[in-house]
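# Coordinate inspection notes
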Amino acid sequence: MIKYGLLVLVVFLSSCKVKETQQIVLHPAKSQGVQKPQTPIMGWSSWNNFHVNINEEVIKAQADFMVSSGMAAAGYSYVNIDDGFFGGRDKQGDLVVHPERFPNGMKVIADYIHSKGLKAGIYSDAGINTCASHWDKDTIGVGSGLMGHDRKDLKLMLKDWNYDFIKVDWCGGDWLGLDVETRYTQIANIIKEIKPNTVFNICRWQFPGTWALQIADSWRISGDISNEFNSILHIIDLNADLWKYASPGHVNDMDMLQVGRGMSYEEDKTHFSMWSMMNSPLLAGNDLRSMSDQTIAILTNKEIIALNQDPLVYQARRLVDNGDLEVWAKPLISTMSGKVAVALLNRSNKAATISFDLNTVGIDASKGYTYRDLWAKKDFERSEKKTLSFEVPKHGVVVLTVDGTSKPFNIFQNK
């Protein structure tokens, strides 16, 4: 029944114009008016740049700059607070907020984010202790995990404080030797009871298993990202064969974006392009207050974002692998629409020419096609050439949309 519901949703959306901003429609597996995002969420998360060094001023400023920078207009809507707001528990076992970092409490923050027309996100752990209580020596967070307090904590965060998203980490669960599927299912069931339209992220640091598709909106498929190009490539490779598990409302999470955090311009473009092509949530991890114009331009490239937000939610596949030179592609709107996005990825340390056969990406070249370079913002004349070639910078990417006629029984229908 769930598969049938998804099919109906895809057919319906296929008749609609692709939107460039976050789409919210009725979840096919839900009822009673529950609404969930069907394309990957877009927003910002605190962990990459700040770790536990967050406070009320920092979070409010990110919401402000998400709007003023044009990110909100481009589709970014979630402001997600990660580890670092905990202040332990009181004698009754109730969760306490860090008195210095958030003296006015967490509901005030959620209310402020909502006042900007944005969504608010929060964090917890499946076990007793949070990750930062150990790894970042933030010992005030000891005992702040969900274990033993599931219903009380989730009601507090999602109903009383009114947060829209929750990321549940696994450090505490790992330290207790808990069963992953059992524990996350317990948490998911309580979330559905308390606030069923909550966006739920499983942070297990690897693909958790096909069971996650039934209970979560997204799931991490890797360890923590770093602002180095090798980390970007490593995560791309980890996600390459997981394309079959992405669908409307359920996506592989490649972790927060490192755009604007020290990599080169070409590396940042590659990073953002591949996260978009592979349907990862787009959660900026930089300090939005100090973004350069270049960083803003990358994060708000609406044509690249449109690939991430395409309603088919078909994760790009690596169709050609010539060592450091790769061709990735995904259909847009439907597998037979004749519209395809193509990314030419150069992993090497020198510029190189990457070529691809249109047949490889499911297009019948003999019937003619047009194509566009989404970073150069350049349209090309109608062509019937069987092969296209582009010079791609080192660590760089060329991203194209091709509009033509699909080949029958093309590669994208083999899912």
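Quick look at the structure, then. None of the values given here were measured: they were computed from a predicted structure.

To continue, consider helix 9 (residues 180–194). In this model, helix 9 (15 residues) spans 21 Å end to end at C-alpha, consistent with the 21 Å of a helix rising 1.5 Å per residue. Within helix 9, burial applies to V180, R183, Y184, I187, A188, I190, I191 and I194. The buried residues of helix 9 occupy one face: seen down the axis, they fall within an arc of 165°. Its buried side turned inward, helix 9 meets helix 7 (150–160), strand 8 (165–169) and strand 9 (199–202).

Under the criterion given, the structure shown has 24 salt bridges. Residue R183 pairs with D150 through a salt bridge whose shortest N-O separation is 2.6 Å. Here R183, found in helix 9, pairs with D150, found in helix 7; they are 33 residues apart in sequence, far enough to count as distant. Judged on exposure class, the residue R183 and its partner D150 are both buried. Overlapping salt bridges bring together D237, R318, E326 and R347 as one network.

Here the focus is the pairing of strand 3 (residues 42–45). Burial along strand 3 is two-sided: M42 and W44 and G43 and S45, pointing in opposite directions, are all buried. As judged from the three bridges shared by strand 3 and strand 12 (residues 282–284), these two strands associate in the parallel manner. Each bridged residue has a counterpart across the sheet, and for M42 the counterpart in strand 12 is L282. Relative to strand 4 (residues 78–80), strand 3 runs parallel, the two sharing three bridges. Across the sheet, S45 pairs through a bridge with N80, a residue of strand 4.

Turning our eyes to something else, we now look at the environment of D324. As for its placement among the helices and strands, D324 is situated in the loop between strand 13 (317–322) and strand 14 (325–331). It is 21 Å that separates the C-alpha atoms of D324 and D373, two residues lying 49 residues apart in sequence. Aside from chain neighbours lying at most four places away, what touches D324 is L345, N346, R347 and S348.

Reading the values: rules and limits
Residues numbered from 1 in each chain as written. Predicted model: local features only at pLDDT ≥ 70, side-chain atom pairs only at ≥ 80, totals over all residues. Heavy atoms only, no water. Helix = DSSP H or I, 4+ residues; strand = E, 2+ residues; numbered from the N terminus. Expected span 1.5 Å × (residues − 1). Buried < 20%, exposed > 50% of the residue type's maximum accessible area, 1.4 Å probe, protein only. Arc of directions from axis to C-beta. Contact = heavy atoms within 4.5 Å. Salt bridge = Lys/Arg side-chain N within 4 Å of Asp/Glu carboxyl O. Pairing = 2+ DSSP bridges.

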